[in-house]
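Each chain is listed here by its residues.
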Amino acid sequence: MTGRHPRLNPPPLPEPRGPLSAWAVTSLRGSRPAPPPPRPEDCPPYGDDLHLALYVLYELHYQGFEDVPDTQEWNPALLAHRALIEDRFLRALRADVPVHPDDTAERALDELQLEPARDDSTGVSGFLRDEGTLDQLREYAALRSLYHLKEADPHAWVIPRLHGRAKAAMVAVEYDEFGAGRPEDIHADLFAALMADLGLDTAYGHYVDAAPAEALAVVNQMSLFGLHRSLRGALVGHFAAVEVTSSPASRRLAEALRRTGAGHAAVRFYTEHVEADAVHEQVVRRDVVGGLLEQHPELGPDVVFGIRTTTHLEDRLASPLLTAWRDGTTALRSRAVQPS
């Protein structure tokens, strides 16, 4: 299948990274019988094999894959095994990020507002601002493209699961994410312009094979929470965490891009988020989270879980990125094509 623009074309299937992802890819290719599905219990819950398999199965709900029929989206056998993979991931998150009875969404959000000060000196955006190279910014953009080229889409799945004040506020923020009626201002398209400015391939899903498991897990979390009504509180928590932490991190990344000589389009994506997300933070905290919990206070622990697991997975991604860059090596998988 082809289209006028490379971002409109479904990407090719990625290369498997183990038996679980090989089963998923072979099942979708359909050129030969798929092997028996491995037990997700036998795979590390944050590992490459499990997260590539889950990413591939989730992508059927987005743009799909080249030469894979759209009908595979609701293939019962794929969905049944995907549920087992999801359960493996979700149980690991619940074990690693326990929510205590006295935890509240308000407290978890207050903790996030302390996060930028810590991240300013030790996190990814602080490193890139202070000492990152243009090549390291390209690597970061390549990895984050798996997230930013679909940034607002999984959050939209929560809209029919909200009511009243929470729904109205969620739609208002999503309206901005989707360009406020101007297609040229859709945030995913602004990120594609950033990628083009940095000399990266803007095709959707182009850098999947470059992405380590930690980057895939960040994207899979959004899809996991978005696709399950039972996790709507966690998705709202994830959304709140993103909006609260976005503005200060975006300011640092804009400074990094200016310092390294990136072009206007690259800088614009982050400067757009500095102001927009500072406003969104208040709307999300007061009206999306507040409105949801006013109607459904029992979802408070789920909102906390969504906030805290977002930080947990972002920290897991930051660790290998910073280790590689400080060692002068690539943060991309060694066999993957490097951005140029």
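About the thresholds
- Residues numbered from 1 in each chain as written.
- Predicted model: local features only at pLDDT ≥ 70, side-chain atom pairs only at ≥ 80, totals over all residues.
- Heavy atoms only, no water.
- Helix = DSSP H or I, 4+ residues; strand = E, 2+ residues; numbered from the N terminus.
- Rg over C-alpha atoms; globule rule 2.2 N^0.38 Å.
- Contact = heavy atoms within 4.5 Å.
- Areas by Shrake-Rupley, 256 points an atom, 1.4 Å probe, with all protein chains shown as cover.
- Lys, Arg positive; Asp, Glu negative; His and termini not counted.
- Charge placed at Lys NZ, Arg CZ, Asp CG, Glu CD.
- Core = buried A, V, L, I, M, F, W, Y, C linked by side-chain atoms within 4.5 Å.
- Buried < 20%, exposed > 50% of the residue type's maximum accessible area, 1.4 Å probe, protein only.
- Salt bridge = Lys/Arg side-chain N within 4 Å of Asp/Glu carboxyl O.
- Polar contact = N/O pair within 3.5 Å; in protein donor to acceptor, adjacent residues only side chain to side chain.
- Expected span 1.5 Å × (residues − 1).
- Axes fitted to C-alpha atoms, helices over the stretch in contact; angles between N-to-C directions.
- Parallel < 35°, antiparallel > 145°, perpendicular 65-115°, else oblique.
- Nonpolar A, V, L, I, M, F, W, Y, C, P; charged D, E, K, R; others polar.
- Phe/Tyr/Trp six-rings, centres within 6.5 Å; stacked < 30°, edge-to-face > 60°.
- Lys NZ or Arg CZ within 6 Å of the ring centre and 35° of its normal.

Of regular secondary structure, the chain possesses 13 helices and 0 strands. Reading the chain from its N terminus to its C terminus gives the helix and strand order α-α-α-α-α-α-α-α-α-α-α-α-α. Expected size for 340 residues packed as a compact globule is a radius of gyration near 20 Å; at 19 Å, the chain falls within 12% of this value. In terms of principal-axis extent, the alpha carbons of the chain reach across some 50 × 50 × 40 Å. Of the contacts formed within the chain by residues at least 6 apart in sequence, a portion of 79% connects residues at least 24 apart. Surface accessibility of the chain: about 14400 Å² in total, with carbon and sulfur atoms responsible for 54%. The averaged location of the 50 negative side-chain charges in the chain is 2 Å from the averaged location of its 34 positive side-chain charges.

Moving on: the nonpolar core. In this structure, Phe89, Leu128, Leu194, Leu257, Tyr270 and Trp325 are the most contacted members of the largest nonpolar core, which totals 104 residues. For this core, the element with the most residues is helix α11 (residues 232–259), which contributes 12 residues. In this view, Tyr270 contacts Tyr140, Phe191, Leu194, Ser250, Leu253, Ala254 and Leu257; residues no more than four positions away in its chain are not counted.

For the coordinates displayed, the defined rule picks out 18 salt bridges. Note that Asp42 is salt-bridged to Arg39, the shortest N-O span being 3.3 Å. A relative accessible area of 56% means that Asp42 is categorised as exposed. Note that Asp102 and Arg107 form a salt bridge whose closest N and O atoms lie 3.9 Å from each other. Each member of the salt-bridge network shares a partner with another, and the members are Arg165, Arg286, Asp287 and Glu294.

The next thing to look at is the side chain of His312. Among the structural elements, His312 can be located in helix α13 (residues 300–326). Polar contacts involving the side chain of His312 include one to the side chain of Tyr46, which spans 3.2 Å. In contact with His312, not counting residues within four places along its chain, are Tyr46, Leu93, Asp96 and Val97.

This paragraph deals with helix α2 (residues 48–59). In this model α2 runs 16 Å from its N-terminal to its C-terminal C-alpha over 12 residues, within 8% of the 16 Å that 1.5 Å per residue would give. Counting buried residues along α2, 11 of its 12 residues qualify, which places the element largely inside the surrounding structure. Of the positions making up α2, those classed as buried are Asp49, Leu50, His51, Leu52, Ala53, Leu54, Tyr55, Val56, Leu57, Tyr58 and Glu59. Of the surrounding elements, those touching the buried residues of α2 are α1 (19–29), α3 (76–96), α6 (134–148) and α10 (213–227).

In terms of backbone geometry, most residues other than glycine have negative phi values and most peptide bonds are trans. With a phi close to 65°, Asp67 is a non-glycine residue in the positive phi region. Mapped onto the elements of the fold, Asp67 is located in the loop between α2 and α3. For Asp67, a relative accessible area of 67% gives the class exposed. Of note in the backbone geometry, Ala180 takes a positive phi value of approximately 50° without being a glycine. Owing to a relative accessible area of 18%, Ala180 belongs among the buried residues under this scheme.

Remark: α3 packs on α13, axes separated minimally by 10 Å, with the N-to-C direction vectors making an angle of 95°. As judged from the angle between their axes, α3 and α13 are roughly perpendicular. In contact with Phe89, Leu90, Leu93, Arg94 and Asp96 of α3, α13 contributes Phe305, Thr309, His312 and Leu313. A per-class count over the contact of α3 with α13 returns 5 nonpolar, 2 polar and 2 charged.

What follows is about the packing of aromatic side chains. Taken as a whole and judged by the stated rule, the model has 6 aromatic pairs. Grouping aromatic residues by their ring pairs yields a cluster made of Phe191, Phe269 and Tyr270. If you follow Lys150 out to its NZ or CZ, it ends over the ring of Tyr62, 4.6 Å from the centre.

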